[in-house]
Amino acid sequence: MSITYLEAIREAQAKALADDPRVYIYGQDVGEFGGAFKATKNLAKEYPGRVLDAPISEDAIVGSAIGAAIEGMRPIIEMQFADFSSVGFNQIVNHAATLYWRTDVPCPITVRLPSGGNLGSGPFHSQCMEALYAHYPGLIVMTPATVEDAYSMLLEAVAIDDPVIFCEHKYLYYHLKAESLPTDALPAGKARIARPGRDATIVTYSAMVHEALAAAEEMALDAYQIEVVDLRTVKPIDTDTILASVARTGRLLAVGEAFPWGGVTAEIIARVATEGFELLDAPPQRLNARDTPIPYHPNLWAAHRPTAPAIVNALRNLLRM
Amino acid sequence: MPSKSARPTIVSSERELYLTTYRWMLLARLSEDRLSSLWKAGKIVGGVYLGRGQEAMSASLGVHLKKGDIFSPLIRDQAGRLAFGEPVLESMQTYLGSRHGPMRGRDGNIHRGRPRDGYYAMISHLGCMVSAVAGALMAKRFQGDKNFVGATCIGDGGMSTGSFHEAMNLAGVEKLPLVVVAANNQYAYSTPVSRQFACADLVDRAIGYGFTGHSLDGTSLEKCLATIGQAVANARSGKGPQLVVGTILRLAGHAEHDDAGYVDPMVRLQPFAVDCLRAAEKTILERGWLADTDLATLRNEVVNEIDEAVATAQREPVPDAGTEDWCALSSRHLVDGNPG
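Residues numbered from 1 in each chain as written. Chains lettered and ligands numbered in written order. Predicted model: local features only at pLDDT ≥ 70, side-chain atom pairs only at ≥ 80, totals over all residues.

1. As for the overall build of chain B
- Along chain B, the regular secondary structure elements total 10 helices and 7 strands.
- Taking 20 Å as the expected radius of gyration for a compact globule of 340 residues, we find that chain B reaches 21 Å, a close match to that expectation.
- Overall size of chain B, expressed as C-alpha extent along the three principal axes, is 75 × 50 × 45 Å.
- Considering chain B as a whole, with its 340 residues, one finds that 49% of them fall into the buried category.
- Put simply, 73% of the contacts in chain B that link residues at least 6 apart link residues at least 24 apart. (Helix = DSSP H or I, 4+ residues; strand = E, 2+ residues; numbered from the N terminus. Rg over C-alpha atoms; globule rule 2.2 N^0.38 Å. Buried ≥ 20, exposed ≤ 12 C-beta atoms within 10 Å, placed from the backbone. Contact = placed C-beta atoms within 7 Å.)

In structure tokens, the structure reads:
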């Protein structure tokens, strides 16, 4: 038996509903239809009255979750696509994220963001929003890269007393499979060494972990040992694990699928430069998507975001420095 | 038909509700007058936003809410906050930045509340609290509570936001026991209603949201008590969401820094420009519910209450950056470490 990344998300939600009467799911088409990607398939039937279709109103969906959380519920909100969370952005960053600090009342909401590019998805169904949310105080931002993390981190997100932005990657939904669901997991805030190495470190997260692993595999043909760090949560960011890896390799490449200005890769470089400058044998490098909207056509899309060959190129440059 | 002996009881309860609500209006007006003085004396940083002219509507909502209800007041709801149970001390503590107040100097002025007690702390973005109250009502329904309502307030300006439209529609779809009290006070900051909306009457929107609509002369305390009381009773008895639109004039600037010089002098002559507090006092005297001397005594009592609150808040410690814990998460182990 094998389970996909998407099925793991569905299973985590089923477990959350089964284990905790405070949990409910609210979002567009999540009810009987089971969600645009089927992440809530059959849940409305299995948990009557607790998996509810919402109007196309991202602001009000998030706002309602905040009120429900204040009254003791644990809402899981599905944004149909991460891109549309921009409409609920204000409620997330100005209301949910400020609530605990202002009033001493925590805001345990989980907002699921089906993120990232997929073939033919274009400018409005492909975005990676993690850096925007990570910028704001009061939010936790998760970016699982594996089936196991999709499952365990979503359960952890629901259990956390603060708002969690759960960036699940659409490209991984069907491509990624595991043999079974995990029974234990690293806690949120801890990065994972996805592949050990000694010549250079790639720090990345979400779908780019798999592009980085493919690049590392190719570099291994030339006897380079590339270490890959999977951040798992981008906020908080596990600076200790990053620095420990750079201490081993002396070289850093930060890879992200989001737009290049600012963002997670910039944060990684900044932290290593300020806290581990002496560990570096070469200037730290970063590789991101291009600074344009995300293109529709596959020929353009393949060149817009980092891929394994682009990461190999960046690594070769880094190793020559 | 009531018997002759029962009649005085009814009058007495009408009188009692009217006078109780009037007292909240008076406390709101005089406490805000004090806030204005404190601001002018440089004792308050940031804005001071007054509910002058809106007290009858606001207090009438507050007195009809009960323990277990949810209330999310907006900018001009000092009267409703007091009537819902907020001690006047807490407004002084928040404006003066007391560490003992509900916001502990982290937020100020009208951005205050105690969400654990069903009393929500508004954010500045208009319309946002409507869906929060809607969600709270969904939660209460999930939890099997009975006989509860949620209430929030908005103005002619806030009703233009997308957030407001989304939340009203959602509350209508969910048939929630929500009461939204809208004060059409003719100006959103400086923008007159002619530049704010194009419908004939804001209450016409109720039908589009699936709400029951109520129009109200917001200058009349008697009408406010009756109409808002009815709206709350409707919501409580399962008749779905209710929108009350009251017409008034904002009898102050947007905030105390604003002299409202843009208000059309002709607008000030309209019937809705009447001061609801003065009108209520006139009614009280005309009906013989209180004498002039009683009103003066009441006023002194209220002033003393405010004096005491201001003195207490001024004695309390203000926040200290060195001992502030600077932590935006309740999950302390997940705070991002050492970002530089």
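Structure's up, so let's keep going.
2. Points about the overall build of chain A
- Secondary structure summary: chain A contains 12 helices and 14 strands in total.
- For chain A, whose C-alpha radius of gyration is 19 Å, the value lies close to the compact-globule estimate of 20 Å for 321 residues.
- Here chain A holds 321 residues, and 59% of them are scored as buried.
- Across chain A, contacts joining residues at least 24 apart in sequence account for 79% of those joining residues at least 6 apart.

3. Some words on the packing of helix α1 (residues 5–19) of chain A against helix α6 (residues 147–159) of chain A
All names here are of chain A.
- One way to put it is that α1 packs onto α6 with a least axis distance of 8 Å and a crossing angle of 30°. Comparing their axes, α6 and α1 come out roughly parallel. Between α1 and α6 the crossing geometry is right-handed. Seen from α1, the contacting residues are Tyr5, Ala8, Ile9, Glu11, Ala12, Lys15 and Ala16; seen from α6, they are Val147, Ala150, Tyr151, Leu154, Leu155 and Val158.
- Split into classes, the residues belonging to the contact of α1 with α6 amount to 11 nonpolar, no polar and 2 charged. (Axes fitted to C-alpha atoms, helices over the stretch in contact; angles between N-to-C directions. Parallel < 35°, antiparallel > 145°, perpendicular 65-115°, else oblique. Left-handed = near helix turned anticlockwise from the far one by under 90°. Nonpolar A, V, L, I, M, F, W, Y, C, P; charged D, E, K, R; others polar.)

4. Section: helix α10 (residues 263–275) of chain A
- If you check α10(A), its first and last C-alpha atoms are 18 Å apart, about what 13 residues at 1.5 Å a residue would give, namely 18 Å.
- Considering only its buried residues, α10(A) is in contact with α5 (130–134), β10 (200–204), β12 (233–235), α9 (239–249), β13 (252–255) and β14 (285–287) of chain A. (Expected span 1.5 Å × (residues − 1).)

5. Considerations on the interface of chain B and chain A
- Listed per partner, the contact involves 37 residues of chain B and 39 residues of chain A.
- When residues of the side of chain B that touches chain A are traced back to their parent elements, those giving at least two are α5 (128–142) and α6 (162–173) of chain B.
- The leading source of residues in the side of chain B that touches chain A is α5(B), at 11 residues.
- Its residues assigned to classes, the side of chain B that touches chain A shows 19 nonpolar, 12 polar and 6 charged.

6. Brief notes about the sheet that holds strand β3 (residues 178–184) of chain B
All names here are of chain B.
- Strand order in the open sheet formed by 5 strands is β1-β2-β3-β7-β6, with parallel pairing between adjacent strands. The open sheet has two edge strands with one neighbour each: β1 (70–72) and β6 (212–217). Across this sheet, the average inter-strand angle for adjacent strands is 20°, counted without regard to direction.
- Both β6 and strand β7 (residues 242–247) contribute to a ladder of 6 bridges, which runs parallel. Looking across to β7, one finds that Thr212 is bridged to Gln242. (Pairing = 2+ DSSP bridges.)

7. Concerning the packing of helix α3 (residues 58–70) of chain A against α5(B)
- Two elements in contact, α3(A) and α5(B), have axes separated by 6 Å at closest approach and are oriented at 50°. On the basis of the axis angle, α3(A) is oblique to α5(B). In the crossing of α3(A) with α5(B), the sense of the turn from one axis to the other is right-handed. Of the residues in α5(B), those touching α3(A) at Asp59(A), Ala60(A), Gly63(A), Ser64(A), Ala65(A), Ile66(A), Gly67(A), Ala68(A) and Ile70(A) are Cys128(B), Ser131(B), Ala132(B), Val133(B), Ala134(B), Gly135(B), Ala136(B), Met138(B) and Ala139(B).
- Class assignment for the residues of the contact of α3(A) with α5(B) results in 12 nonpolar, 5 polar and 1 charged.

8. Comments concerning the sheet that holds β14(A)
Residue and element names in this part refer to chain A.
- If you trace the 5 strands from one edge of the open sheet to the other, you get β9-β11-β10-β13-β14, paired in mixed fashion. Each end of this open sheet is capped by a strand with a single partner; those strands are β9 (192–195) and β14. Ignoring which end each strand starts from, the neighbouring axes of this sheet average 25° apart.
- Taken together, the 3 bridges between β10 and β13 define a ladder with parallel strand orientation. Of the residues in β13, the one forming a bridge with Thr201 is Leu252.
- α9 contacts β9, β10, β11 (226–230) and β13 of the sheet and is inclined by roughly 175° relative to β11.
- Sitting on the sheet, helix α12 (residues 308–320) is in contact with β10, β11, β13 and β14, with an inclination near 170° to β14.

9. A short note on the pairing of β3(B)
All names here are of chain B.
- Burial within β3 is extensive, with 7 of its 7 residues counted as buried.
- Here β3 shows no split at all, with Leu178, Val180, Ala182 and Asn184 on one side and Val179, Val181 and Ala183 on the other all buried.
- In this structure, β3 lies alongside β7, joined through 6 bridges in parallel fashion. Bridge pairing in β7 links Ala183 to Gly246.

10. Notes on the environment of Met1(A)
Residue and element names in this part refer to chain A.
- Here Met1 lies in the segment before β1 (3–4).
- For Met1, a count of 4 C-beta atoms within 10 Å corresponds to the exposed category.
- On a C-alpha basis, the gap between Met1 and Lys177 in space is 10.0 Å, while along the polypeptide they are 176 residues apart.

11. Regarding helix α4 (residues 85–103) of chain A
All names here are of chain A.
- Along its length, α4 shows its largest kink, about 35°, at Ile92.
- Along α4, 14 of the 19 residues are buried, which leaves the element largely enclosed by surrounding structure.
- The positive-phi residue at the C-terminal boundary of α4 is Asp104, with phi of around 70°. (Bend = angle between axes of the 7 residues up to and from the residue.)

12. Observations concerning the confidence of the model for chain B
- Model confidence for chain B is summarised by a mean pLDDT of 95, while 96% of its residues fall at 70 or above.
- A low-confidence stretch, residues 1–8 of chain B (pLDDT under 50), is modelled with 2 contacts involving residues beyond four sequence positions or located in other chains. (pLDDT = per-residue confidence, 0-100.)

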